[in-house]
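Notes for the structure review
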Amino acid sequence: MFVTFEGCEGVGKSTQLAMLKEYLKNSGQEAVYLREPGSTEISEKIRGIILDPANTDMTAETEALLYAAARAQLVRQVIRPALDAGKTVICDRYIDSSVAYQGYARGLGEDFVKKINSYAMENAMPDVTIFIDLRPSASFRSVSRNDRLEREALSFHDKVYEGFVAQTATSNGRIVSIKPEKEKIFTHNKIIAALREKGAIR
Ligand code: TMP
């Protein structure tokens, strides 16, 4: 099973991924944990170029192609071999982030982004995607402004959010929207229940 996590900045995605990892470890379930862009030596180098705040001249097309390039490497080097070996793969962000950030927020359009990513991903589509559904206005103040994408205005992140919501509606149930609770343990419980229902974990 291939599971991905998506959402806007500062919604608690990393915390929830850490809690899921702990839960799976404690219940004796193995998984391969990845993040995008990154998780191979080459993809981490590409991540450095994409997120470097000094790269103010980067065009939207370059950005989209770099995310796709980092993905092409990760799919072939890690994701495809792991799935072929029957392992569970859990990835922090993937294709839906490209559609939301580059397709919607940068304005490149869903078709362009999906087209370049069909080369990048081959057919490694997630089986289940957990979308942590929180509007950026609710979390924006807590986000650090360290990297190039985090430095974008709230209006940019609002478009990202709209992109995730639109994709959830047309995903035929692949993307599960999880509204975060005040207590993170309750959000965690909702995620576990959703992944169990999809047969992704025990
Ligand atoms: P992270 O901070 O969650 O690790 O993600 C890095 C940043 O890259 C985050 O701002 C979201 C963005 N991103 C895209 O714009 N397109 C993509 O395809 C991916 C995977 C991430």
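My aim in this report is to walk through the structure given alongside it, one point at a time.

Procedures and definitions
Residues numbered from 1 in each chain as written. Predicted model: local features only at pLDDT ≥ 70, side-chain atom pairs only at ≥ 80, totals over all residues. Heavy atoms only, no water. Core = buried A, V, L, I, M, F, W, Y, C linked by side-chain atoms within 4.5 Å. Buried < 20%, exposed > 50% of the residue type's maximum accessible area, 1.4 Å probe, protein only. Salt bridge = Lys/Arg side-chain N within 4 Å of Asp/Glu carboxyl O. Helix = DSSP H or I, 4+ residues; strand = E, 2+ residues; numbered from the N terminus. Near = heavy atom within 4 Å. Polar contact = N/O pair within 3.5 Å; in protein donor to acceptor, adjacent residues only side chain to side chain. Nonpolar A, V, L, I, M, F, W, Y, C, P; charged D, E, K, R; others polar.

What to know about the nonpolar core
Among the nonpolar cores identified, the biggest contains 36 residues, and F5, L20, I130, V160 and L195 are the most heavily contacted of them. Core analysis: the next-biggest nonpolar cluster, separate from the first, contains 23 residues, F2, V89, Y94 and V113 among them.

Focus on the pattern of salt bridges
One pass over the full model with this rule turns up 13 salt bridges. We note a salt bridge from E122 to R76, for which the minimum N-O separation is 3.8 Å. Taken together, the residues span a long stretch of sequence, with E122 in the loop between α5 (110-121) and β4 (128-132) and R76 in helix α3 (residues 60-84) at a distance of 46 residues. For R76, a relative accessible area of 39% gives the class partly exposed. A salt bridge links E152 to R106, with the shortest nitrogen-to-oxygen separation between them at 2.9 Å. Of this pair, E152 sits in the loop between α6 (136-139) and α7 (154-169) while R106 is found in the loop between α4 (95-105) and α5, placing the two residues 46 residues apart along the sequence.

Observations concerning the site of the ligand
In the neighbourhood of the ligand, 13 residues make up the surrounding shell, with E9, Y67, R93, S98 and Q102 lying closest. A distance of 2.8 Å is found between an oxygen atom of the ligand and a side-chain nitrogen or oxygen belonging to Y67. Within the side chain of R71, one N or O atom sits 3.0 Å away from an oxygen atom of the ligand. For the shell around the ligand, the elements supplying multiple residues, two or more each, are α2 (41-51), α3 and α4. Among the elements that line the shell around the ligand, the one with the most residues is α4, at four residues. For the shell around the ligand, the per-class residue count stands at four nonpolar, three polar and six charged.

Read these as spatial facts, not as claims about activity.
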